[in-house]
Amino acid sequence: MIDVKGLKKQFDDHMVLDGIDLSVEKGDVICIVGPSGCGKSTFLRCLTHLEEPTGGEIYLDGELITDRQIDDIRARMGMVFQHFNLFPNMTVRKNITLAPVQRKMMTQKEADAEAERLLERIGLLEKADVYPAMLSGGQKQRIAIVRALAMKPDVLLFDEPTSALDPEMVGEVLQLMQDLAREGMTMVVVTHEMGFAREVANRVIFIDEGIIKEDEPPEEFFAHPKNQRLQDFLSKVL
Amino acid sequence: MSVSEKFYQAFLYNDRWLQYLRGVGTTLLVTVIALAIGIVIGTVVALIRTAHDQQKGQRHPLLSAVNVILQIYVTVIRGTPMMVQLLIMAMVIFASSRNFTLVGALTLGINSGAYVAEIVRGGLMAVDSGQMEAGRSLGLNYITTMRFVIIPQAIKAVLPALGNEFIILLKDTSLITFIGGKELLYAAQGIMNRTYEAMFPLLIVAGMYLILVMIFTWLLGKFERKLRQSDRR
(Lines give C-alpha, C1' and ligand atoms only; values in the text may rest on other atoms or scores of the structure.)
Protein backbone atom coordinates (compact mmCIF):
# COMPACT_ATOMS: atom_id res chain seq x y z
CA MET A 1 0.00 0.00 0.00
CA ILE A 2 2.76 2.45 0.99
CA ASP A 3 6.21 2.00 -0.52
CA VAL A 4 9.06 4.10 0.78
CA LYS A 5 12.28 4.05 -1.21
CA GLY A 6 15.52 5.61 0.01
CA LEU A 7 13.79 8.34 2.00
CA LYS A 8 16.17 11.03 3.21
CA LYS A 9 15.56 14.10 5.32
CA GLN A 10 18.17 16.65 6.21
CA PHE A 11 17.74 19.64 8.55
CA ASP A 12 20.53 22.10 7.71
CA ASP A 13 23.58 19.83 7.93
CA HIS A 14 21.99 17.28 10.24
CA MET A 15 20.93 14.08 8.44
CA VAL A 16 17.82 12.91 10.30
CA LEU A 17 16.74 10.18 7.89
CA ASP A 18 19.49 8.55 5.91
CA GLY A 19 17.78 6.26 3.44
CA ILE A 20 14.66 4.51 4.73
CA ASP A 21 13.11 1.66 2.75
CA LEU A 22 9.79 0.33 3.92
CA SER A 23 6.73 -1.39 2.50
CA VAL A 24 3.44 -1.18 4.34
CA GLU A 25 0.87 -3.79 3.29
CA LYS A 26 -2.87 -3.45 3.66
CA GLY A 27 -3.89 -4.44 7.18
CA ASP A 28 -0.42 -3.97 8.60
CA VAL A 29 -0.12 -2.50 12.06
CA ILE A 30 3.42 -1.22 12.26
CA CYS A 31 4.87 0.27 15.42
CA ILE A 32 7.97 2.41 15.12
CA VAL A 33 10.12 2.73 18.23
CA GLY A 34 13.47 4.29 18.94
CA PRO A 35 15.27 6.80 21.16
CA SER A 36 14.14 10.43 21.08
CA GLY A 37 15.56 12.35 18.18
CA CYS A 38 16.13 9.21 16.13
CA GLY A 39 13.88 10.47 13.35
CA LYS A 40 10.81 8.29 13.87
CA SER A 41 8.38 11.23 14.02
CA THR A 42 10.15 12.91 11.12
CA PHE A 43 9.73 9.72 9.11
CA LEU A 44 5.99 9.67 9.78
CA ARG A 45 5.66 13.36 8.90
CA CYS A 46 7.59 12.86 5.66
CA LEU A 47 5.02 10.27 4.54
CA THR A 48 2.41 12.99 4.02
CA HIS A 49 4.93 15.75 3.25
CA LEU A 50 4.31 17.61 6.51
CA GLU A 51 8.08 17.60 6.30
CA GLU A 52 9.46 17.92 2.81
CA PRO A 53 11.71 14.89 2.15
CA THR A 54 15.21 15.77 0.99
CA GLY A 55 15.50 12.66 -1.12
CA GLY A 56 13.89 9.35 -2.02
CA GLU A 57 10.39 8.43 -3.13
CA ILE A 58 7.12 7.51 -1.46
CA TYR A 59 4.34 5.68 -3.29
CA LEU A 60 0.73 5.24 -2.21
CA ASP A 61 -0.89 2.35 -4.09
CA GLY A 62 1.80 2.67 -6.74
CA GLU A 63 1.29 6.42 -7.17
CA LEU A 64 4.31 8.63 -6.53
CA ILE A 65 3.53 11.24 -3.87
CA THR A 66 4.40 14.75 -5.01
CA ASP A 67 3.43 18.20 -3.76
CA ARG A 68 0.94 18.62 -6.61
CA GLN A 69 -1.60 16.03 -5.49
CA ILE A 70 -0.67 16.18 -1.81
CA ASP A 71 -4.16 17.23 -0.66
CA ASP A 72 -5.71 14.16 -2.27
CA ILE A 73 -3.01 11.94 -0.78
CA ARG A 74 -3.53 13.41 2.68
CA ALA A 75 -7.27 12.85 2.42
CA ARG A 76 -6.45 9.13 2.14
CA MET A 77 -3.82 9.07 4.90
CA GLY A 78 -5.24 10.06 8.29
CA MET A 79 -2.89 11.65 10.79
CA VAL A 80 -3.22 11.64 14.57
CA PHE A 81 -0.95 14.01 16.48
CA GLN A 82 0.67 13.95 19.88
CA HIS A 83 -1.09 17.17 20.86
CA PHE A 84 -4.45 16.21 19.26
CA ASN A 85 -4.69 19.48 17.30
CA LEU A 86 -8.45 19.64 17.49
CA PHE A 87 -9.76 22.97 16.19
CA PRO A 88 -10.64 24.96 19.35
CA ASN A 89 -12.91 27.37 17.44
CA MET A 90 -15.37 24.62 16.43
CA THR A 91 -17.61 22.16 18.19
CA VAL A 92 -16.68 18.49 18.18
CA ARG A 93 -19.24 17.88 15.45
CA LYS A 94 -17.79 20.61 13.23
CA ASN A 95 -14.27 19.30 13.88
CA ILE A 96 -15.31 15.94 12.48
CA THR A 97 -17.46 17.12 9.58
CA LEU A 98 -15.36 20.04 8.29
CA ALA A 99 -13.02 18.07 6.05
CA PRO A 100 -15.51 15.57 4.54
CA VAL A 101 -17.87 18.45 3.71
CA GLN A 102 -15.22 20.85 2.40
CA ARG A 103 -13.69 18.10 0.26
CA LYS A 104 -17.19 17.38 -1.06
CA MET A 105 -17.08 13.75 0.01
CA MET A 106 -20.35 14.17 1.91
CA THR A 107 -23.13 16.70 2.37
CA GLN A 108 -23.32 18.37 5.78
CA LYS A 109 -26.24 16.08 6.60
CA GLU A 110 -24.39 12.91 5.67
CA ALA A 111 -21.30 14.10 7.53
CA ASP A 112 -23.37 14.86 10.63
CA ALA A 113 -24.83 11.38 10.57
CA GLU A 114 -21.37 9.87 10.14
CA ALA A 115 -20.00 12.03 12.97
CA GLU A 116 -22.80 10.88 15.26
CA ARG A 117 -22.22 7.25 14.35
CA LEU A 118 -18.50 7.57 15.11
CA LEU A 119 -19.08 9.48 18.35
CA GLU A 120 -21.63 6.89 19.43
CA ARG A 121 -19.03 4.23 18.86
CA ILE A 122 -16.54 5.87 21.22
CA GLY A 123 -19.27 6.74 23.71
CA LEU A 124 -18.96 10.50 23.29
CA LEU A 125 -22.15 11.28 21.40
CA GLU A 126 -23.26 13.68 24.15
CA LYS A 127 -20.13 15.77 23.46
CA ALA A 128 -21.08 16.44 19.83
CA ASP A 129 -21.95 20.09 20.41
CA VAL A 130 -19.35 21.11 22.97
CA TYR A 131 -16.07 22.81 22.25
CA PRO A 132 -12.75 20.95 22.64
CA ALA A 133 -11.75 23.07 25.66
CA MET A 134 -14.37 21.20 27.70
CA LEU A 135 -12.91 17.74 27.02
CA SER A 136 -10.27 15.69 28.81
CA GLY A 137 -7.05 14.77 27.00
CA GLY A 138 -8.19 11.22 26.40
CA GLN A 139 -11.51 12.40 24.98
CA LYS A 140 -9.73 14.91 22.75
CA GLN A 141 -7.42 12.28 21.33
CA ARG A 142 -10.22 9.82 20.69
CA ILE A 143 -12.15 12.54 18.89
CA ALA A 144 -9.03 13.41 16.90
CA ILE A 145 -8.89 9.75 15.83
CA VAL A 146 -12.56 9.83 14.91
CA ARG A 147 -12.00 13.05 12.94
CA ALA A 148 -9.38 11.23 10.88
CA LEU A 149 -11.69 8.22 10.48
CA ALA A 150 -14.49 10.37 9.11
CA MET A 151 -12.38 10.81 5.97
CA LYS A 152 -12.50 7.02 5.51
CA PRO A 153 -8.72 6.87 5.09
CA ASP A 154 -6.79 3.93 3.64
CA VAL A 155 -4.22 4.21 6.39
CA LEU A 156 -3.93 5.95 9.76
CA LEU A 157 -0.65 7.46 10.93
CA PHE A 158 -0.18 8.03 14.67
CA ASP A 159 2.56 10.34 15.93
CA GLU A 160 3.07 9.44 19.61
CA PRO A 161 -0.69 9.55 20.25
CA THR A 162 -0.47 8.91 24.01
CA SER A 163 2.67 10.86 24.94
CA ALA A 164 0.82 14.02 25.95
CA LEU A 165 -1.85 12.23 27.99
CA ASP A 166 -2.21 11.82 31.72
CA PRO A 167 -1.44 8.18 32.60
CA GLU A 168 -5.04 7.30 33.47
CA MET A 169 -6.18 8.34 29.99
CA VAL A 170 -3.66 6.36 27.98
CA GLY A 171 -5.73 3.18 28.25
CA GLU A 172 -8.87 4.48 26.55
CA VAL A 173 -6.89 5.76 23.54
CA LEU A 174 -4.89 2.55 23.17
CA GLN A 175 -8.12 0.54 23.45
CA LEU A 176 -9.65 2.45 20.53
CA MET A 177 -6.50 1.99 18.47
CA GLN A 178 -6.52 -1.73 19.26
CA ASP A 179 -10.16 -2.00 18.16
CA LEU A 180 -9.31 -0.29 14.88
CA ALA A 181 -6.39 -2.64 14.33
CA ARG A 182 -8.65 -5.65 14.92
CA GLU A 183 -11.05 -4.34 12.30
CA GLY A 184 -8.25 -4.43 9.78
CA MET A 185 -7.31 -0.74 9.65
CA THR A 186 -3.82 -0.22 8.26
CA MET A 187 -1.84 1.72 10.85
CA VAL A 188 1.65 3.13 11.30
CA VAL A 189 2.23 4.11 14.91
CA VAL A 190 5.18 5.97 16.36
CA THR A 191 5.01 5.15 20.05
CA HIS A 192 6.77 4.57 23.33
CA GLU A 193 4.08 2.12 24.44
CA MET A 194 6.02 -1.14 24.23
CA GLY A 195 3.05 -3.08 25.56
CA PHE A 196 0.88 -1.86 22.68
CA ALA A 197 3.63 -2.67 20.16
CA ARG A 198 3.95 -6.17 21.56
CA GLU A 199 0.20 -6.87 21.72
CA VAL A 200 -1.22 -5.16 18.66
CA ALA A 201 1.47 -4.68 16.02
CA ASN A 202 2.32 -7.30 13.44
CA ARG A 203 5.64 -5.58 12.74
CA VAL A 204 7.85 -3.52 15.01
CA ILE A 205 10.51 -1.27 13.56
CA PHE A 206 13.51 0.21 15.32
CA ILE A 207 14.92 3.40 13.81
CA ASP A 208 18.31 4.67 14.93
CA GLU A 209 20.83 7.01 13.33
CA GLY A 210 18.35 7.71 10.57
CA ILE A 211 17.99 4.17 9.27
CA ILE A 212 15.85 1.11 10.04
CA LYS A 213 17.97 -1.10 12.23
CA GLU A 214 15.40 -3.80 12.90
CA ASP A 215 12.06 -4.82 11.33
CA GLU A 216 10.54 -7.93 12.89
CA PRO A 217 7.28 -9.37 14.20
CA PRO A 218 6.89 -8.31 17.83
CA GLU A 219 7.70 -11.74 19.34
CA GLU A 220 11.05 -11.80 17.58
CA PHE A 221 11.65 -8.07 18.08
CA PHE A 222 11.29 -8.15 21.85
CA ALA A 223 12.59 -11.66 22.58
CA HIS A 224 15.61 -11.79 20.29
CA PRO A 225 16.74 -8.32 19.26
CA LYS A 226 19.75 -8.66 16.97
CA ASN A 227 20.93 -5.07 16.80
CA GLN A 228 23.20 -3.94 19.64
CA ARG A 229 21.61 -0.48 19.89
CA LEU A 230 18.15 -2.05 20.07
CA GLN A 231 19.29 -4.35 22.85
CA ASP A 232 20.54 -1.32 24.80
CA PHE A 233 17.32 0.58 24.04
CA LEU A 234 15.04 -2.26 25.13
CA SER A 235 17.02 -2.83 28.30
CA LYS A 236 16.33 0.81 29.22
CA VAL A 237 12.63 0.98 28.38
CA LEU A 238 11.37 -2.47 29.37
CA MET B 1 -16.37 87.58 31.17
CA SER B 2 -17.54 85.09 33.76
CA VAL B 3 -17.00 81.34 33.43
CA SER B 4 -20.64 80.69 32.62
CA GLU B 5 -20.58 83.37 29.94
CA LYS B 6 -17.48 81.78 28.43
CA PHE B 7 -19.22 78.42 28.35
CA TYR B 8 -22.31 80.03 26.82
CA GLN B 9 -20.14 81.60 24.12
CA ALA B 10 -18.30 78.36 23.43
CA PHE B 11 -21.24 75.99 23.37
CA LEU B 12 -24.72 77.51 23.29
CA TYR B 13 -24.50 80.89 21.55
CA ASN B 14 -25.67 80.76 17.94
CA ASP B 15 -26.34 77.00 18.30
CA ARG B 16 -22.59 76.38 18.30
CA TRP B 17 -23.11 72.94 19.85
CA LEU B 18 -24.37 71.92 16.42
CA GLN B 19 -20.91 72.57 15.00
CA TYR B 20 -19.39 70.19 17.53
CA LEU B 21 -21.99 67.56 16.70
CA ARG B 22 -21.30 67.90 13.00
CA GLY B 23 -17.61 67.53 13.88
CA VAL B 24 -18.38 64.32 15.76
CA GLY B 25 -20.22 63.06 12.69
CA THR B 26 -17.24 63.76 10.45
CA THR B 27 -14.85 62.25 13.00
CA LEU B 28 -16.89 59.04 13.06
CA LEU B 29 -17.22 58.97 9.29
CA VAL B 30 -13.48 59.46 8.79
CA THR B 31 -12.76 56.80 11.42
CA VAL B 32 -15.07 54.30 9.74
CA ILE B 33 -13.67 54.95 6.25
CA ALA B 34 -10.08 54.82 7.51
CA LEU B 35 -10.78 51.70 9.54
CA ALA B 36 -12.35 49.94 6.57
CA ILE B 37 -9.41 50.86 4.34
CA GLY B 38 -6.97 49.92 7.08
CA ILE B 39 -8.51 46.52 7.77
CA VAL B 40 -8.75 45.61 4.09
CA ILE B 41 -5.16 46.68 3.36
CA GLY B 42 -3.87 45.24 6.62
CA THR B 43 -5.56 41.86 6.19
CA VAL B 44 -4.48 41.46 2.58
CA VAL B 45 -0.90 42.47 3.41
CA ALA B 46 -0.81 40.14 6.41
CA LEU B 47 -2.22 37.18 4.48
CA ILE B 48 0.24 37.60 1.60
CA ARG B 49 3.19 38.08 3.91
CA THR B 50 2.20 35.08 6.03
CA ALA B 51 1.72 32.92 2.94
CA HIS B 52 5.17 34.01 1.82
CA ASP B 53 6.76 33.18 5.16
CA GLN B 54 5.04 29.80 5.42
CA GLN B 55 6.21 28.48 2.06
CA LYS B 56 8.19 25.29 2.20
CA GLY B 57 10.82 24.27 -0.30
CA GLN B 58 11.42 26.59 -3.23
CA ARG B 59 9.95 30.08 -3.03
CA HIS B 60 7.45 31.45 -5.47
CA PRO B 61 9.15 34.35 -7.34
CA LEU B 62 5.99 36.47 -7.71
CA LEU B 63 5.12 36.06 -4.04
CA SER B 64 8.66 37.07 -3.09
CA ALA B 65 8.48 40.21 -5.24
CA VAL B 66 5.12 41.24 -3.77
CA ASN B 67 6.43 40.52 -0.29
CA VAL B 68 9.35 42.93 -0.79
CA ILE B 69 6.97 45.69 -1.94
CA LEU B 70 4.69 45.12 1.05
CA GLN B 71 7.66 45.18 3.40
CA ILE B 72 8.69 48.56 1.97
CA TYR B 73 5.14 49.84 2.44
CA VAL B 74 5.05 48.78 6.10
CA THR B 75 8.54 50.17 6.76
CA VAL B 76 7.89 53.57 5.15
CA ILE B 77 4.47 54.07 6.76
CA ARG B 78 5.60 53.03 10.22
CA GLY B 79 8.86 54.93 9.86
CA THR B 80 7.46 58.39 9.08
CA PRO B 81 5.20 60.64 11.19
CA MET B 82 1.50 60.61 10.46
CA MET B 83 1.45 64.41 10.31
CA VAL B 84 4.10 64.39 7.57
CA GLN B 85 2.17 61.75 5.64
CA LEU B 86 -0.98 63.85 5.87
CA LEU B 87 0.81 66.95 4.58
CA ILE B 88 2.44 65.04 1.72
CA MET B 89 -0.92 63.59 0.69
CA ALA B 90 -2.77 66.92 0.94
CA MET B 91 -0.11 69.25 -0.47
CA VAL B 92 1.80 67.06 -2.92
CA ILE B 93 -0.11 64.02 -4.13
CA PHE B 94 -3.64 65.42 -3.94
CA ALA B 95 -2.60 69.09 -4.10
CA SER B 96 -5.46 69.89 -6.47
CA SER B 97 -8.16 68.22 -4.36
CA ARG B 98 -10.43 70.34 -2.19
CA ASN B 99 -11.99 67.38 -0.38
CA PHE B 100 -9.65 67.51 2.59
CA THR B 101 -11.80 65.24 4.71
CA LEU B 102 -11.67 62.41 2.19
CA VAL B 103 -7.94 62.85 1.58
CA GLY B 104 -7.50 62.72 5.34
CA ALA B 105 -9.56 59.54 5.64
CA LEU B 106 -7.60 57.91 2.83
CA THR B 107 -4.28 58.83 4.43
CA LEU B 108 -5.36 57.56 7.83
CA GLY B 109 -6.54 54.33 6.21
CA ILE B 110 -3.26 53.75 4.38
CA ASN B 111 -1.40 54.56 7.58
CA SER B 112 -3.57 52.29 9.69
CA GLY B 113 -3.18 49.47 7.16
CA ALA B 114 0.51 49.14 7.95
CA TYR B 115 -0.15 48.76 11.66
CA VAL B 116 -3.12 46.45 11.15
CA ALA B 117 -0.96 44.31 8.83
CA GLU B 118 1.57 43.74 11.58
CA ILE B 119 -1.15 43.09 14.17
CA VAL B 120 -2.94 40.56 11.94
CA ARG B 121 0.33 38.93 10.89
CA GLY B 122 1.25 38.51 14.53
CA GLY B 123 -2.15 36.95 15.18
CA LEU B 124 -1.83 34.53 12.28
CA MET B 125 1.67 33.51 13.37
CA ALA B 126 0.51 33.04 16.96
CA VAL B 127 -1.94 30.27 16.03
CA ASP B 128 -0.29 26.97 16.93
CA SER B 129 1.42 25.43 13.89
CA GLY B 130 -0.30 22.14 14.75
CA GLN B 131 -3.59 23.70 13.63
CA MET B 132 -2.37 24.21 10.08
CA GLU B 133 -0.84 20.72 10.09
CA ALA B 134 -4.10 19.19 11.29
CA GLY B 135 -6.13 21.00 8.62
CA ARG B 136 -3.73 20.11 5.83
CA SER B 137 -3.51 16.50 7.07
CA LEU B 138 -7.26 16.17 6.61
CA GLY B 139 -6.75 16.99 2.93
CA LEU B 140 -7.88 20.61 3.17
CA ASN B 141 -5.86 23.02 1.05
CA TYR B 142 -4.00 26.04 2.40
CA ILE B 143 -6.75 28.56 1.71
CA THR B 144 -9.57 26.43 3.18
CA THR B 145 -7.50 25.76 6.30
CA MET B 146 -6.76 29.47 6.67
CA ARG B 147 -10.43 30.35 6.25
CA PHE B 148 -12.01 27.87 8.65
CA VAL B 149 -9.24 27.15 11.13
CA ILE B 150 -6.48 29.76 11.29
CA ILE B 151 -8.23 33.08 10.60
CA PRO B 152 -11.10 32.59 13.10
CA GLN B 153 -8.57 31.82 15.82
CA ALA B 154 -6.36 34.73 14.77
CA ILE B 155 -9.27 37.18 14.87
CA LYS B 156 -9.94 36.33 18.47
CA ALA B 157 -6.26 36.78 19.30
CA VAL B 158 -5.88 40.16 17.54
CA LEU B 159 -9.14 41.75 18.66
CA PRO B 160 -7.72 43.56 21.72
CA ALA B 161 -4.83 44.95 19.67
CA LEU B 162 -7.18 45.85 16.82
CA GLY B 163 -9.48 47.63 19.26
CA ASN B 164 -6.51 49.61 20.47
CA GLU B 165 -5.63 50.52 16.88
CA PHE B 166 -9.22 51.61 16.33
CA ILE B 167 -9.09 53.94 19.34
CA ILE B 168 -5.77 55.42 18.19
CA LEU B 169 -7.32 55.95 14.77
CA LEU B 170 -10.36 57.66 16.24
CA LYS B 171 -8.16 60.17 18.06
CA ASP B 172 -5.74 60.60 15.16
CA THR B 173 -8.59 61.90 13.03
CA SER B 174 -8.02 65.17 14.91
CA LEU B 175 -4.85 65.58 12.83
CA ILE B 176 -6.80 66.08 9.62
CA THR B 177 -7.89 69.44 11.02
CA PHE B 178 -4.45 70.69 9.99
CA ILE B 179 -5.01 69.88 6.32
CA GLY B 180 -8.48 71.43 6.46
CA GLY B 181 -10.59 68.36 7.28
CA LYS B 182 -13.78 69.54 9.00
CA GLU B 183 -13.86 67.21 11.97
CA LEU B 184 -14.36 67.72 15.68
CA LEU B 185 -11.19 69.63 16.48
CA TYR B 186 -11.75 71.81 13.39
CA ALA B 187 -15.09 72.89 14.83
CA ALA B 188 -13.41 73.86 18.10
CA GLN B 189 -10.78 75.85 16.25
CA GLY B 190 -13.40 77.76 14.31
CA ILE B 191 -15.16 78.72 17.52
CA MET B 192 -11.89 79.63 19.21
CA ASN B 193 -11.08 81.97 16.35
CA ARG B 194 -14.33 83.79 16.85
CA THR B 195 -14.45 84.00 20.65
CA TYR B 196 -10.69 84.27 21.41
CA GLU B 197 -11.35 81.77 24.17
CA ALA B 198 -9.53 78.44 24.09
CA MET B 199 -10.49 76.71 27.33
CA PHE B 200 -14.08 75.60 26.82
CA PRO B 201 -13.88 74.64 23.15
CA LEU B 202 -10.84 72.48 23.85
CA LEU B 203 -12.32 70.96 27.01
CA ILE B 204 -15.58 70.22 25.22
CA VAL B 205 -13.74 68.56 22.36
CA ALA B 206 -11.57 66.54 24.75
CA GLY B 207 -14.69 65.41 26.58
CA MET B 208 -16.36 64.37 23.35
CA TYR B 209 -13.35 62.31 22.23
CA LEU B 210 -13.26 60.71 25.67
CA ILE B 211 -16.93 59.78 25.55
CA LEU B 212 -16.56 58.31 22.05
CA VAL B 213 -13.56 56.23 23.10
CA MET B 214 -15.34 54.99 26.21
CA ILE B 215 -18.38 53.93 24.20
CA PHE B 216 -16.24 51.99 21.74
CA THR B 217 -14.13 50.41 24.49
CA TRP B 218 -17.34 49.13 26.05
CA LEU B 219 -18.66 47.79 22.73
CA LEU B 220 -15.37 46.06 21.96
CA GLY B 221 -15.36 44.43 25.37
CA LYS B 222 -18.83 43.02 24.72
CA PHE B 223 -17.79 41.73 21.31
CA GLU B 224 -14.67 40.07 22.74
CA ARG B 225 -16.65 38.30 25.44
CA LYS B 226 -18.95 36.92 22.79
CA LEU B 227 -16.04 35.62 20.75
CA ARG B 228 -14.53 33.93 23.78
CA GLN B 229 -17.50 31.56 23.86
CA SER B 230 -15.49 28.53 22.74
CA ASP B 231 -12.98 28.92 25.58
CA ARG B 232 -15.60 28.48 28.25
CA ARG B 233 -15.06 25.44 30.40
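Only a predicted model underlies this, so the values are computations on that prediction, with no experimental measurement involved.

Side note on the nonpolar core
I2, F43, L47 and M77 of chain A are the most contacted members of the largest nonpolar core, which has 54 residues in total. Of the residues forming this core, the biggest block, 7 residues, is contributed by helix α7 (residues 142-172) of chain B. Here F43 of chain A is in contact with V4, L7, L17, I20, L22, I32 and I207 of chain A, once residues within four sequence places are set aside. In terms of nonpolar packing, the next biggest core, distinct from the first, is built from 49 residues, F84, V146, A148 and V173 of chain A among them.

With respect to unusual backbone geometry
Residues and elements named next belong to chain A. The phi dihedral of H49 is positive, around 60 degrees, even though this residue is not glycine. In this structure, H49 sits in the loop between α1 (40-47) and β4 (55-60). Judged by its relative accessible area of 9%, H49 is buried. A positive phi angle, near 55 degrees, is found at E209, a position not held by glycine. Of note, E209 is situated in the loop between β9 (203-208) and β10 (211-216). Looking at E209, the relative accessible area reads 52%, which means it is exposed.

What to know about the pattern of salt bridges
Going through the model one piece at a time under the given rule, you end up with 28 salt bridges over all chains. Residue D71 of chain A pairs with R136 of chain B through a salt bridge whose shortest N-O separation is 3.1 Å. Here D71 of chain A is found in helix α2 (residues 70-76), whereas its partner R136 of chain B is found in helix α6 (residues 129-137) on a different chain. With respect to burial, D71 of chain A and R136 of chain B carry one shared label: buried. Between R229 of chain A and E209 of chain A there is a salt bridge, with the nearest N and O atoms lying 3.6 Å from each other. Taken as a pair, R229 of chain A in helix α9 (residues 228-237) and E209 of chain A in the loop between β9 and β10 lie far apart in primary sequence, 20 residues in all. Residue R229 of chain A is classed as partly exposed on the basis of its relative accessible area of 41%. If you follow the salt bridges from partner to partner, you end up with R49, D53, R78, E118 and R121 of chain B in one network.

About the cut-offs
- Residues numbered from 1 in each chain as written.
- Chains lettered and ligands numbered in written order.
- Predicted model: local features only at pLDDT ≥ 70, side-chain atom pairs only at ≥ 80, totals over all residues.
- Heavy atoms only, no water.
- Core = buried A, V, L, I, M, F, W, Y, C linked by side-chain atoms within 4.5 Å.
- Buried < 20%, exposed > 50% of the residue type's maximum accessible area, 1.4 Å probe, protein only.
- Helix = DSSP H or I, 4+ residues; strand = E, 2+ residues; numbered from the N terminus.
- Contact = heavy atoms within 4.5 Å.
- Salt bridge = Lys/Arg side-chain N within 4 Å of Asp/Glu carboxyl O.

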